[in-house]
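# Architecture and fold: a report
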Amino acid sequence: MDSFLIAFQAQVLYDFTAEPGNNELTVREGETVTITNQSIGGGWIEAQNSKGQVGLVPEDYIEVRFSDSDTADVLQFFFDSACLSFLTVSSLCVLQASNGNDPWSVWNADSSGGFNNNWASNPEGTPADPWGSASQGHPQAYQGPGAELDEWDDEWDDMKSTGGYAESESGESGAIQRGGTSMKISLNKFPGFSKSGPELYLLCKQLPKEKEKLTIYMGEVGPVWSYPDTQLDCVVADPKKGSKMYGLKSYIEYQITASVIPVPMNRYRLFSMVLGRFEEEFIKMRMERLQGWMTRMCRHPIISSSEVFQLFLTYKDEKDWKTGKRKAEKDETVGVMIFSTIEPEAPDLDPLDVEKKCEQFSRFTKAMDDSVKEILTVGQEHWKRCTGPLPKEYQRIGKAFQNMSTVFTSSGYQGESTLTDALTAAGKTYEEIAQLVAEQPKKDLHFLMETNNEYKGLLGCFPDTIAVHKAAIEKVKEGDKLVGTNKITAQEKGTMAKRLSTMSYALQAEMNHFHNNRIYDYNRVMQLYLEEQVTFYETIAAKLRQAHSQFTTM
């Protein structure tokens, strides 16, 4: 789902001191500013302080403020639904790249705690490519949770749902918090696990009724999901503006059409509290990000085949939606009980070996998280230079050449028109280069930033994901003690070990799915980035050669 709101009021989270000459605005922690332009891109926005001063502020340094107390109920619905509680957490939380909180700090402080041949060339099939457009608008910034408030319809999802979260729920369970004028989504990416922990599944005496099993098999890289023979795909298009509540609440409605589900198209509404019109570039950006999110969901073998996701794609009206929603609410295989639907097609795994692999994966994802943030920081700085100081420098060079041409012309000396014309042409060339430099980030850096922002969200999920598995390992290690105190039987201890193995299969399958996607995604985006860079510098070189050719060789 989309997670970016047109907003006007924002609170400053950290001090920021402007650099002279960069059109920046100095702000202080706790200060309230007004957002005047969200389409700057590269992680920057334009804001106005209480004194009327306007300038650029880093997107991550502010928190958007809301007057609406609702939350994204559809997102909660997805979180608590069967196939989206644990197995898909890494995909869902791409929308939750944290602004000010580091999920890895929790992980570091916690001491407890294959590729399918059918999809060989493109591991996840070949869905609609969000990178296909030759030119895109500036990214709306790379922000995290609490930056948007989306909903389908106030009447469509209410908090009567047994799968919803209480409005005041908070604490270690990490529930969604709502209050006052802002909304924050906690770092606990799967609230369904927080109250009972993995022991609910490990010690369950009677598992939920039989459902269709989710198969895991041993591939060349270890445990992998069983991928469907037919790749699900969908296309997001046709944005339309609408309003409700007598025009007080505005929204954009996008058409979502699934490719392999023979049903009519569906529409997805993104609501925002807006005091002005939607800018065309902003609408396109939201559509692009929704397309990217839907593509990732379609590429996940479990999500794409889940009833919840299928309902999202195919519901026809409010009645259809509520019927499916109520059915999902009665599903017993939510939270940790999702593991009861998993059926590995291989012997039980060694817990010690799994622990080592989890530690290795944890170190890797932490390192990748740092690397991704570095690219985002460098990219934001480069974007700002390309759209601000750098083009101005080229413009100044161009004007200087043209001014010199004017001075030479005033000399009255005959026979220097060739030189003055060449100087004028060189000056105009540099002005053209300035324009190319300012527009280039939209063609290459935009996609690199979007991919890394997406992975920032994905990586932020793994500390919580691995922590649940670590807690399960610790519980199984207590088996002998529990047997000794007659809390469980020896047979139940064996059952716990077997169920831990099932959890291990699921975690490793998701790890391998992540690696599979990562290799594909970064190959794709780096190819695009470098191709655009080559075209950019070749265009500049051709313009400089043309300017050079106009000067006479003496």
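All of these numbers come straight from a predicted model, not from anything done at the bench.

Below, the discussion takes up the nonpolar core. Within the largest apolar cluster, 24 residues are counted, with the highest numbers of intra-cluster contacts made by Tyr201, Leu202, Ile216, Trp225, Phe339, Ile342 and Met503. Secondary-structure elements contributing two or more residues to this core are helix H4 (199–202), strand E8 (214–219), helix H12 (462–477) and helix H14 (490–548). Counting residues per element, this core draws most heavily on H14, at 6 residues. If you look at the next biggest cluster of nonpolar residues, it comprises 23 residues, including Cys358, Val372, Leu445 and Phe514.

With that out of the way, let us pick up unusual backbone geometry. Even without being glycine, aspartate 238 reaches a positive phi, approximately 55 degrees. With respect to the secondary-structure elements, aspartate 238 resides in strand E10 (residues 234–244). Of note, the phi angle at asparagine 486 is positive, near 60 degrees, even though the residue is not glycine. Structurally, asparagine 486 can be placed in the loop between helix H13 (479–484) and H14. A relative accessible area of 71% means that asparagine 486 is categorised as exposed.

A separate point is the pairing of strand E2 (residues 32–41). Here strand E1 (residues 9–12) runs beside E2; their pairing, made up of 3 bridges, is antiparallel. Each residue of the ladder has a partner; that of alanine 10, found in E2, is valine 33. The sheet contact formed by E2 and strand E3 (residues 44–48) spans 4 bridges and is antiparallel. Within E3, the residue paired with glycine 41 across the bridge is tryptophan 44.

About the thresholds
Residues numbered from 1 in each chain as written. Predicted model: local features only at pLDDT ≥ 70, side-chain atom pairs only at ≥ 80, totals over all residues. Heavy atoms only, no water. Core = buried A, V, L, I, M, F, W, Y, C linked by side-chain atoms within 4.5 Å. Buried < 20%, exposed > 50% of the residue type's maximum accessible area, 1.4 Å probe, protein only. Helix = DSSP H or I, 4+ residues; strand = E, 2+ residues; numbered from the N terminus. Pairing = 2+ DSSP bridges.

Without other data, these values stay purely geometric and don't point to any function.
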